[in-house]
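Structural features, examined
The residues making up each chain are set out below.
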Amino acid sequence: MRSSSSRACKGVLAIRPRNQDAPAVPGRRDSAATEAHRAIEVIWRIESARLIAGLARVVGDIGTAEELAQDALVAALEQWPAEGVPDRPGAWLMGTAKHRAIDFIRRRKTLDRKHEEIGRDVEMAREGLDLENAIDDEVGDDLLGLIFMACHPVLAKDARVALTLRVLGGLTTEEIARAFLVPVSTIAQRIVRAKRTLAEAHVRFDVPGGAERGARLGSVLEVIYLIFNEGYSATAGNEWVRPALCEEALRLGRILAELTPTEPEVHGLVALMEIQSSRLGARVGPSGEPVLLLDQDRARWDRLLIRRGLAALERADRLGGALGPYALQAAIAACHARATTAGETDWLRIVALYDAVEQLAPSPVVELNRAVAVGMAFGPAAGLDLVDALVAEPSLKSYHLLPAVRGDLLRKLGRPDEARAEFERAASLTDNVRERELLERRAADST
């Protein structure tokens, strides 16, 4: 997967150096510098993952690879405002980073001759590979290797998410911190610890195969879906949805699907995110207030994203075998997408699909979602029986959606006082301001 950014940027972002004989015009010079910095920011977002992936394959360490890529970025910031953005900015960055990588390996080789410490240059020499050209090889496997490395299960979930957004998304530490509403220092520490953990665990830059591939792929999918979910339903802050995070997760999912076309669960996750993303515009009202699924204006759902999601789900199905948890959840989302009105939703099929999810990936949250579907298919009393069985579940003790679901079922059963108490409890448990306001309104409406 070669980036097409060089062609895209040519002419559009190219900034030519001014005529050296012409007098310097401060305003024009400042404008050119500003334009150059904007161009660099765009190009970096496009090219950074490819740069880091190619460098990591050569030096064998994700932290060092990012430092070398950052060195190339610094060089661009120093030179491009004065000299102009090159016609092929991606190639310029890669060439600059490549030379720094070669210098780094040579210095390391001089300091310590041990094979384990000098990286992959010895191995490349044995195989007759040219280090000068190694970074310029096709980048598909490199990106896949970088994805597997950043999402390695040796790292904690929050570290995997932060590192993935940094090296694959090209986001700054400040941008990641804003997205998750945590201090910049916290994100910085997570990224530093993640790199250190990978180095200390001697995690190799490679694409796993066999049984290990399946286990590692699950970690990758989990990270991408965690990013998506935080965008789809923010856990804290003043916004209920953060579309930028959903878009980043979807971008990563699409890249992964291109790199692993025979993995049905990858297509299943992409299908799920495509269909869920189709609702983002309808999930909030004019003032940013949450709009629940059954109350949404389905005319506002993005039909293109729905078609893309259904096509991805069909690809997962064509690959054969039983659908995995992500593909099954995508099939549930497809039931909603195919219903032109809330009343046309096939709740019986949704219950059956949740039964299948429960068999493959049992969890209290899955059972709670299944209880909602049962309540819609067989009546609120049936749903409430299942929810009541989850009240004592320790992992759901602080999960605000448990009392929220219970309050909704109690309201439908004509038990307003109990419903109000459950909605009030749910409101007290959520850290999202918009969701708290919604639950408080539902509590007030239950009187």
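Quick summary incoming for the structure in this document. Residue numbers run consecutively from 1 along every chain, following the written order of its sequence. The model is predicted, so local features are restricted to residues of pLDDT at least 70 and side-chain atom pairs to those at 80 or more, both for listing and for counting; the totals for chains, interfaces and linings are taken over all residues. To get the side-chain values, all heavy atoms of the structure are used, and hydrogens and water are removed first.

Comments concerning the overall build of the chain
Spelled out, the test is: Strands here mean DSSP runs of E at least two residues long; helices mean DSSP runs of H or I at least four residues long; both are numbered from the N terminus. Residues count as neighbours in contact if any of their non-hydrogen atoms are within 4.5 Å of one another. Accessible surface is estimated by sampling points in the Shrake-Rupley manner with a 1.4 Å probe; for residues, cover comes only from the protein chains shown.
What the chain contains, in helices and strands, is 21 helices and two strands. Relative to all contacts within the chain whose residues are 6 or more apart in sequence, the contacts with residues 24 or more apart total 67%. Accessible area for the chain stands at about 21,400 Å²; split by element, carbon and sulfur atoms hold 52% of it.

So, helix H9 (residues 173-180)
As a reminder, the rule being used: For each residue, the accessible area found with a 1.4 Å probe, counting protein chains only, is set against the maximum for its type, and the residue is called buried under 20%, exposed over 50%, and partly exposed in between.
Looking only at H9, the buried set comprises Thr-173, Glu-175, Ile-176, Ala-177 and Ala-179. Phi turns positive one or two residues past the end of H9, at Leu-181, with a value near 55°.

Looking at the side chain of Thr-96
Along the chain, the position of Thr-96 falls in helix H4 (residues 89-111). Beyond its immediate stretch of four places on either side in the chain, Thr-96 contacts Ala-72 and Ala-75.

Notes on the packing of aromatic side chains
Geometrically, a pair of aromatic rings is defined through the distance of the ring centres and the angle of the planes. Operational definition: Each Phe, Tyr or Trp ring (for Trp, its six-membered ring) is paired with any other whose centre lies within 6.5 Å, and the angle between the two planes then decides the class: stacked below 30 degrees, edge-to-face above 60, tilted in between. Comment: the charge-over-ring label is applied if NZ (Lys) or CZ (Arg) is within 6 Å of the ring centre and within 35 degrees of the ring normal.
According to the stated counting rule, one finds four aromatic pairs in the structure shown. Residues Trp-80 and Trp-92 carry aromatic rings whose centres are separated by 5.2 Å and whose planes lie at 70° to one another, so their mutual orientation is edge-to-face. Of this pair, Trp-80 sits in helix H3 (residues 62-83) while Trp-92 sits in helix H4, placing them twelve residues apart in sequence. Residue Trp-80 is classed as buried on the basis of its relative accessible area, which comes to 1%. On the basis of relative accessibility, which here comes to 23%, the residue Trp-92 falls in the partly exposed class. Judged by centre distance (6.2 Å) and plane angle (10°), the ring pair of Tyr-225 and Phe-228 falls under stacked. With Tyr-225 and Phe-228 both in helix H11 (residues 210-232) and three residues apart, the pair spans about one turn of that helix. An identical accessibility class is assigned to Tyr-225 and Phe-228; each is buried. Site record: aromatic cluster; members linked through ring pairs are Tyr-225, Phe-228, Tyr-232 and Tyr-326. One cation-aromatic arrangement involves Arg-279 over Trp-301; the distance from NZ or CZ to the ring centre is 5.6 Å.

Points about the environment of Arg-196
The topology assignment puts Arg-196 in helix H10 (residues 184-200). Classification of Arg-196 as partly exposed rests on a relative accessible area of 43%. Between the C-alpha atoms of Arg-196 and Gly-63, which are 133 residues apart in sequence, the distance is 8.0 Å.

Describing the packing of helix H13 (residues 264-277) against helix H15 (residues 325-338)
Selection criterion: Think of each axis as a best-fit line through the C-alpha atoms, taken over the contacting stretch in the case of a helix, with angles from 0 to 180 degrees between the N-to-C directions. In what follows, roughly perpendicular refers to angles from 65 to 115 degrees, roughly parallel to angles under 35, roughly antiparallel to angles over 145, and oblique to any angle outside these ranges. Handedness of each helix crossing follows the sense of rotation of the near helix against the far helix: counterclockwise by less than a right angle gives left-handed, clockwise gives right-handed. Classification used: nonpolar for Ala, Val, Leu, Ile, Met, Phe, Trp, Tyr, Cys and Pro, charged for Asp, Glu, Lys and Arg, polar for all others including Gly.
Here H13 crosses H15 at 30°, and the two axes come no closer than 7 Å. One way to sum up the angle between H13 and H15 is to call them roughly parallel. Considering how the two elements wind past one another, H13 and H15 form a crossing that is left-handed. On H15, the residues that touch Glu-265, Gly-268, Leu-269, Ala-271, Leu-272, Ile-275 and Gln-276 of H13 are Pro-325, Tyr-326, Ala-327, Gln-329, Ala-330, Ala-333, Ala-334 and Ala-337. Along the lines of polarity and charge, the residues of the contact of H13 with H15 split into eleven nonpolar, three polar and one charged.

Thoughts on the pattern of salt bridges
For clarity, the cut-off: Salt-bridge detection follows one rule: a side-chain nitrogen of Lys or Arg within 4 Å of a carboxyl oxygen of Asp or Glu.
Summed over all chains, the structure comprises 23 salt bridges. Measuring nitrogen to oxygen at the nearest pair gives 3.1 Å for the salt bridge that ties Lys-157 to Glu-222. On the criterion of sequence distance, the pair formed by Lys-157 in helix H8 (residues 157-167) and Glu-222 in helix H11 is long-range, its members being 65 residues apart. Residue Arg-420 is joined to Asp-417 by a salt bridge in which the shortest nitrogen-to-oxygen separation is 3.2 Å. On the criterion of helical spacing, the pair formed by Arg-420 and Asp-417 is a turn pair, its members being three residues apart in helix H20 (residues 416-429). Taking the relative accessible area as the measure of exposure, Arg-420 reaches 24% and is therefore partly exposed. Residues joined in a network through salt bridges with shared partners are Asp-408, Arg-411, Lys-412 and Arg-442.

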